[in-house]
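Descriptive structure summary
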Amino acid sequence: VGSGSAASLSRPVQSTGGSSAVSKCSAAARGYIQDRFLRLLAGRRRRRAPLIHRGYYIRARAVDHCVQDFLLKTRSLPRTQILSLGAGFDSLYFRLKDMGLLHHTVVYEVDFPNVACQKATLIKGVKELSALVGDTAGEGLGAITFSGDDYKLLGVDLSELSELERTLEEAGLNNEIPTLFIAEVVLTYMEDTRSDALIEWAAEHFPQACFLLYEQVHPEDPFGRVMQQHFRRLSTALRSLARYPDCAAQHGRFLGKGWTECSVMDMNEFFTCCIPEDEQQRVQTLEPFDEYEEWHLKCSHYFVLAASKGMEPSWTPLSPIAFHTGPVEVAGSVPAAVCARLSGVPGLRRYGHHSVLIKPNVILTTGGFGEENGQHCRVRNFHVLSKHAGHWEAVCVTQNTPDKRWGERLYHTVSCLSDTLALVVGGRTSPSSTGLGMLWLKFSETCGASGPDDVALELVSLQPAAEAAALRWRHSTTEVTFKGEQYLFVYGGRSALEPVLGDWYFLHAPELSCPAIAVEGPVPESRHSHSACSWEGGVLIAGGLGAAEQPLGSIFLLRELEHGFQWQTIDTHPPLVPRYSHTAHVHEGKLLLVGGVWFHASSVPGVTVIDLMTGLCLNYVINVEHLEWPLMLHNHSSVFLPHEKELLVIGGGGNCFSFGTHLNPEPVLLTLSSILTSH
């Protein structure tokens, strides 16, 4: 909801209000927010996806948190008022009135004249709404489309400041009493000279005032570029972002326009610091959910700001608990280039897939969600990438008889046990599915040598112990050696019943028995979407998403002892920035972490190099100047090519909130030679 400066601009902007009302209504229907008035105001009903529900939940929580704090702090005062700018079909007044919180508060709502008229007609026609406003509500006059004792609905274009001021005065707004201004995704649709003027006008004309702002931030990182493109396509460009690209700039904006106090936090910080743990857990378990990356990226691209002046006591509804998201120190950069011969292969546009080196210069990519036959779907086909005469090429291997047992899986693992045999462990179809079992993949010795070679599937009949190991996803499966024999170490992940797992299994190949092997030392906390690499016969586990959906920054080594294994923590300096959904490789005593998602919204993760001898941890940004599209490095796969000191990144991306699905269009080569030279 919001304002442009001309009727032609206003129509698309108004439609954002309608669609956000429908989304809020869907979130209320699923129990995310308690609001029985939304369905009366939204008009059409449509069920949205769980990711959209969470997004609108956090928005509603942030606004409610600040509004209720304002009403609580001012409850002993004789009179206060709330002015909601670009209110659209919001239910705020009806909720507050129903909760008995408006004893001495008048709510003014402003939106485009036709929106205000529609809402006024709606209220008059719905008994449940008109009864709350009271019998005194009369027909509105002119720009005042509806008028009750404690509720006024005004139809004015917000960018016409003098007209806004005149109408508010006419409707009885009192400059001398404490006033809360609310702008929920509104100002960003206006030219920033006009929105700045509005912020300054509010500070100048109201001696005791509070301002609540909720909108987008970080336009230039990959998610931000997809977000901007979406709003431009709707002809509702986000105009504030060029001048105010981050929370610090918005903070400075308000302090520079006459407000004396201001606090701001992005929605990851708000969720962590301002929502009680039991409420976090309630929301996290409302419906099957497996889009953590997009949830956290959405939250890092929206903020809530609370500014005030002249308030006694001062108004500070957003007080962060220690939530450190300062800038990440950068040691240098790594160049990224499109992998020329692979750019025309649509099947490599996918996420949640798995890529594995099955022999030198031959990579097998399986599963995931992506593009197949011109549609977005769970990908059935396999791809074999091979390097000939210095160039990578890809062939698509179609399953001649689609095998139900493959199950179109995402978030599985594939481990090569020989030149002709790999084991697929786990994965899922939908997040509410029970998870998928294990499969053998067999391929010929000549696979990748010339053309498409058959990749045969063979189902493994599982023993009960091995079955428990397999019914999971977002886990890791890593080769370890114990007493000279080869095992696969299956660790962590999640299942349909457990949002996070901390258990492990040693699978003995080839018969896939699960022998009990003793493990001592401090047990890592449960996690999924972590990374795992073989190193010196053991396993290095790094990062991941923990039980409270918080990224982890710990690194563990599982190392072989005489009678079993031992967990050891690996300390790094500076400490590793917590992250998940990254990939990892080990090269000459260095652990490389590639991409992922973290809460440090000022930058996106690039390549982190950890010296396993000294613990030194260095972060490198990825230089994407030669890429013409946003590179999203989560839910990707990567293969390290030690001879060339290069990383081939395949796929990556995700469903970017309501802004559309982004799939990295082509594989990318990262050149690491400059950061891996022995010092």
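Residues numbered from 1 in each chain as written. Predicted model: local features only at pLDDT ≥ 70, side-chain atom pairs only at ≥ 80, totals over all residues. Heavy atoms only, no water.

Named according to an unreviewed UniProt entry, the chain is tRNA wybutosine-synthesizing protein 4 originating from Motacilla alba. In its Sequence similarities (unreviewed entry) section, the UniProt record describing the chain reads: "Belongs to the methyltransferase superfamily. LCMT family." The record in UniProt for the chain states the following under Pathway (unreviewed entry): "tRNA modification; wybutosine-tRNA(Phe) biosynthesis." (UniProt positions renumbered as here; feature names shortened; annotations may be inferred.)

Description of the sheet that holds strand E26 (residues 531–535)
Spatially, E25-E29-E28-E27-E26 is the arrangement adopted by the five strands of the open sheet, whose pairing is mixed. The sheet is open, and its two edges are formed by strand E25 (518–520) and E26, each paired on a single side. Along the sheet, successive strands turn relative to each other by an average axial angle of 20°, direction set aside. Both strand E28 (residues 555–560) and strand E29 (residues 564–569) contribute to a ladder of five bridges, which runs antiparallel. Bridge assignment links Arg559 to a residue of E29, and that residue is Gln566. (Pairing = 2+ DSSP bridges. Helix = DSSP H or I, 4+ residues; strand = E, 2+ residues; numbered from the N terminus. Axes fitted to C-alpha atoms, helices over the stretch in contact; angles between N-to-C directions.)

Comments concerning helix H8 (residues 192–205)
Taking 1.5 Å of rise per residue, the 14 residues of H8 would be expected to cover 20 Å, and the 20 Å separating its terminal C-alpha atoms lies within 8% of that figure. Buried residues of H8: Asp192, Ser195, Asp196, Leu198, Ile199, Trp201, Ala202 and Ala203, and no others. Of the surrounding elements, those touching the buried residues of H8 are strand E1 (80–85), helix H7 (161–171), strand E6 (179–184), strand E7 (209–216), helix H10 (247–255) and strand E9 (302–309). (Expected span 1.5 Å × (residues − 1). Buried < 20%, exposed > 50% of the residue type's maximum accessible area, 1.4 Å probe, protein only. Contact = heavy atoms within 4.5 Å.)

Topic: the state of the cysteines
Each disulfide consists of one covalent bond between the sulfur atoms belonging to two cysteines. One pass over the full model with this rule turns up zero disulfides. Of all cysteine sulfurs, the one in Cys396 lies closest to Cys339, which takes part in no disulfide; the gap is 17 Å. (Disulfide = S-S within 2.5 Å.)

Quick word on the pairing of strand E30 (residues 583–587)
Here E30 lies mainly inside the structure; four of its five residues are buried. In this sheet, strand E31 (residues 590–594) lies alongside E30 in antiparallel orientation, the contact comprising five bridges. Each residue of the ladder has a partner; that of Ala584, found in E31, is Leu593. The turn joining E30 and E31, which pair antiparallel and follow one another in sequence, is formed by two residues; a positive phi near 45° is taken by Glu588.

What to know about the side chain of Arg350
Tracing the chain through its elements places Arg350 in strand E11 (residues 350–351). Buried and unpaired, Arg350 has no salt bridge, with Glu372 as the nearest side chain of opposite charge at 5.6 Å. Of the polar contacts made by the side chain of Arg350, one reaches the backbone oxygen of Gly347; its length is 2.7 Å. In terms of polar contacts, Arg350 uses its side chain to reach the backbone carbonyl oxygen of Gly367, at 2.9 Å. Aside from chain neighbours lying at most four places away, what touches Arg350 is Thr365, Thr366, Gly367, Phe369, Gly370, Val379, Asn381, His383, Asn635, Gly651, Gly652 and Leu663. (Lys, Arg positive; Asp, Glu negative; His and termini not counted. Salt bridge = Lys/Arg side-chain N within 4 Å of Asp/Glu carboxyl O. Polar contact = N/O pair within 3.5 Å; in protein donor to acceptor, adjacent residues only side chain to side chain.)

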